[in-house]
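Residues per chain are reported as follows:
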Amino acid sequence: MRHFIGGFLLILFVTACKTAAPVVQQTPPEPVILTLGNKAFTTSDFFQSFTKNQLSSDSAQRTDVKNYFDLYTNLKLKVLAAEAGGRDTTEAFREEMNTYRKQLAQSYLTDKVLVESLAAEAYQRMQTEVNASHILIPVSEYATPVDTLTAYQTSLALRKQVQDGADFAKLAREYSKDVKTAENGGNLDYISVFGVVYPLETAVFATPVGSVSAPVRTRFGYHLIKVNNRRPSRGRVRVAHILVRMSPSADEAGQKVAKERIEGAYAQLQKGESFDQVCRQSSDDATSKANGGVLPIFEPGRSVRWVPAFEDAAFSLTKPGEYSKPVRTNYGWHIIKLIERKPLDSYTTLGPSLRQRVTTDSRADILRQATVQRLQKEYAVQPDQAVLQNVLAKADSSVLYGKWRFTEPLDPALQNKMLVLINKQPYSVNQFFDYVRQKQQPPRNPAVATTPGNNPPTSTIDRPIGGSPTIAMRRLFDRFVGDQLISVEEANLDKKSPEFRALLNEIRDGVLLSQVMEQNVWERSMADSVGQRQYYEQNKDKYRFPERALATVVAAQNDSLLRQATTLLSGRPPYQLRRSAAPLTFAKNQTALTPTLRETLFDVPVVMGANPDYIVEVSGSHDPAESDSVSAGRIRQVVSYLQKNGVSLNRISEKDFQGSRPGAARNAQRNVVFQYFSNAKDDIAKVINSRSGAPTTAIPRLTDSPAITITTGLFARGENPYLDSVTDWKVGTTPLRRDNKVVSVVIERIEPARTKTFTEARGTVINEYQATLEKQWLAQLRQTYPVKVNDDEIRKLAK
């Protein structure tokens, strides 16, 4: 009756007022597809989740509406259980969600159209490399208008001289304050995209060959750019190198030693030794020698540039496998081998990485500026000009050094005074001063060009710290306002973007799901050893091994390689690898390790560290004029050095000839010699492949095929094609020819089919036990939160 009367009065009210205002039609409630207890889930929420899953999943993992509805229901039941346990109210959960929120918000706060435009522009610039020179007239980024104008007019005057016929290089040597390039006429060498700060890059690519740009402002000052030449991009290249390190300041003796070493390595390559083997023995590049000297792929716009001499030598190679003559750079001497060379990928392929790149390099300032300008139109910004002037007056020269400080309480005219009102939210002077203390920066590394990695700066500007403290403080205030605007927008994304809200809710559900699954299923299944054992006993017949063969399969490109491998495999482990390190030659009666001997010996712990199954044999001898104790002393010194450099004693074998070494020349009797062995059969394949020139690293080309492979294991039928070719399994060796390979299949024993032990089946048992626990838990949740399904809505979606 109460509802009837209320409804009747409402009708009368609307009728009476209809002349004053139009009738507002109420939006009908969204249809509900699922109810769990008292919580309803709309059809649109479900369908959005379903379509997102279909678009993001692999086609083999996609499911229909009805099957996905079951998954959706189970997910929501678990989330309800997490909420009932208060997991969504903990401090740890809030902190985790704040982190995810900030990461997710970035893409919604950035102008996607502008990002796409900058990425497309970068790709176009990747097609070309530009040789340019510059003249820098420095002026602080916080300079007063007078100082800025003076620098600008100086730049214009120099440009006028060039246009009137003056030599640009001569003017650069005389006037440019970029001390690194001024001495060579301001030349920046060839520049590719992302190679210099964005304003400078834009001028470089926009200026015609032979012309000089108008003055270009960067944070370093004003630049005049002269474009000397353009060339098409040389594409992408992957190379390996052998490095003999030499200091640029090395004396004549040091230069001679380095040159002799690189010429020795080159001579070994000329004699037919594999690049990989020579690299491991001779290269001083500890980061690449273990994988044959292979370097990261180089392409225009990469964060790491090579020095020009190295880059030119690398791109001069045309045939994979070809290597250069020794090339000198400021790092030392290199021999460079071409692995592969390709043109640039399409924009479709490079687009995602370029979009990421333009948001993190100097273009990020443009993106931020665009975002802040948009937000200033949307949210009111009202600074208190009188308070702001008092704030700016507090700046002194220390802010230019990033060392400005303040003490509280502030002056009465400033303490907790409102400085600015942003979207009706007040921000105080104290808040801004805290921001300044955190965000002020010391003078930035004055490099015109980006200098990532270990590369030396392309250009270094010699400029004193200068500028106006007031202007520096004003810039910090503008950035403070921008940051607060972005924070306001981020806080409002839930209301403004349904997509953002849906994604954030999805992340929230995922975090809660992980927590309750850990408590109720994963952790419980791992800890419940009694339950695991009981489940195993109840289902023991499911866990069986088929008949298996313990076998070693050797597949080679020819009979010679197969014979090498089978010969090395014929004995018991450890297997001799026919791989050695450079010998150490001692002076007569000498046992101590000199610096030169230590440098040569350093290769051994590097090799041992990269190959954990290796054992090294250290053998010593002495010439007839020396006593037996001399060879023993040399071995002790070497073994002690290896132990101190991480090689354990159980991986070192000692062999003292206590006299002359059989077969060795007289001048080699004072040598300590190294021979590698290994307990791993696969190391035999690596050594043979390195000698044959086949790939042995984790970075081969797709077309590479190893000369030999050695595979050992316990195989069932269907797990190894070569073993499957043996019709009648029995202990012994079976030769095969298959897939253009010569193959030896060595079966050591046959294991009949049997039931797995609990230990052998435990991984599978735990997975299945987890599924059982999850099923039981879901049954309990369905009782706690009764499930009500709107079948009509499901039928509509399933059509």
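Everything here concerns the structure above.
The following paragraphs examine the structure supplied in this document. Every value quoted in this text rests on a predicted model; they were computed, and no experiment measured them.

## Observations concerning the packing of aromatic side chains
At step 1: One pass over the full model with this rule turns up 24 aromatic pairs.
At step 2: Where Phe41 meets Tyr72, the ring centres are 6.3 Å apart and the plane angle is 85°; that geometry is what we call edge-to-face. One end of the pair, Phe41, is in strand β2 (residues 39-42); the other, Tyr72, is in helix α3 (residues 65-84), with 31 residues separating them in the sequence.
At step 3: Between the aromatic rings of Tyr435 and Phe480, the centroid separation amounts to 5.2 Å while the plane-to-plane angle is 70°, which identifies the pairing as edge-to-face. With Tyr435 in helix α16 (residues 429-439) and Phe480 in helix α17 (residues 469-496), this residue pair connects regions lying 45 residues apart in the sequence.
At step 4: An aromatic cluster is built from Trp404, Phe406, Tyr427, Phe432, Phe433, Tyr435, Phe477 and Phe480, whose rings are joined through pairwise contacts.
At step 5: Here the guanidinium or amino end of Arg548 rests over the ring plane of Phe545, the centre of that ring lying 3.6 Å away.

## With respect to the packing of α3 against helix α27 (residues 791-798)
At step 1: One way to put it is that α3 packs onto α27 with a least axis distance of 10 Å and a crossing angle of 130°. Put simply, α3 runs oblique to α27. Across the interface between the two elements, Val65, Lys66 and Phe69 of α3 pack against Ile794, Leu797 and Ala798 of α27.
At step 2: Partitioned by chemical class, the residues of the contact of α3 with α27 number 5 nonpolar, no polar and 1 charged.

## Topic: the sheet that holds strand β4 (residues 187-191)
At step 1: Across the sheet, which stays open at both edges, the 4 strands sit in the order β4-β3-β6-β5 with antiparallel pairing between neighbours. A strand with exactly one partner marks an edge of an open sheet, and here the two such strands are β4 and β5 (216-218). Taking the axes of each pair of neighbouring strands and ignoring which way they run, one obtains an average angle of 40° across the sheet.
At step 2: Pairing of β5 with strand β6 (residues 221-232) involves 3 bridges; the strand directions are antiparallel. By the bridge assignment, Val216 is partnered in β6 with His223.
At step 3: In this fold helix α6 (residues 145-163) packs onto β3 (128-138), β5 and β6, with an angle of close to 40° to the strand it touches most, β6.

## A short note on the packing of helix α18 (residues 498-527) against helix α26 (residues 758-784)
At step 1: Packing of α18 against α26 leaves a shortest axis separation of 9 Å and a crossing angle of 140°. The orientation of α18 relative to α26 falls into the category oblique. Two packed elements cross with a definite hand, and for α18 against α26 that hand is right-handed. Of the residues in α26, those touching α18 at Val516, Met517, Asn520, Val521, Trp522, Arg524, Ser525 and Met526 are Arg762, Ile766, Tyr769, Gln770, Leu773, Glu774 and Trp777.

## Here's the deal with the pairing of strand β9 (residues 332-342)
At step 1: Judged by how many residues are buried, β9 sits mostly within the fold: 8 of 11 residues are covered.
At step 2: Two strands pair when backbone bridges link them, and strand β7 (residues 236-245) and β9 are joined in this way by 10 bridges, in the antiparallel orientation. Considered in β9, the bridge of Ala240 is made with Lys337.
At step 3: Pairing geometry for strand β8 (residues 327-329) and β9, over 3 bridges, is antiparallel. Bridge pairing links Arg328 to Trp333 in β9.
At step 4: If you look at the hairpin formed by β8 and β9, you'll find 2 residues sitting between the two strands.

Rules used throughout
- Residues numbered from 1 in each chain as written.
- Predicted model: local features only at pLDDT ≥ 70, side-chain atom pairs only at ≥ 80, totals over all residues.
- Heavy atoms only, no water.
- Phe/Tyr/Trp six-rings, centres within 6.5 Å; stacked < 30°, edge-to-face > 60°.
- Helix = DSSP H or I, 4+ residues; strand = E, 2+ residues; numbered from the N terminus.
- Lys NZ or Arg CZ within 6 Å of the ring centre and 35° of its normal.
- Axes fitted to C-alpha atoms, helices over the stretch in contact; angles between N-to-C directions.
- Parallel < 35°, antiparallel > 145°, perpendicular 65-115°, else oblique.
- Contact = heavy atoms within 4.5 Å.
- Nonpolar A, V, L, I, M, F, W, Y, C, P; charged D, E, K, R; others polar.
- Pairing = 2+ DSSP bridges.
- Left-handed = near helix turned anticlockwise from the far one by under 90°.
- Buried < 20%, exposed > 50% of the residue type's maximum accessible area, 1.4 Å probe, protein only.

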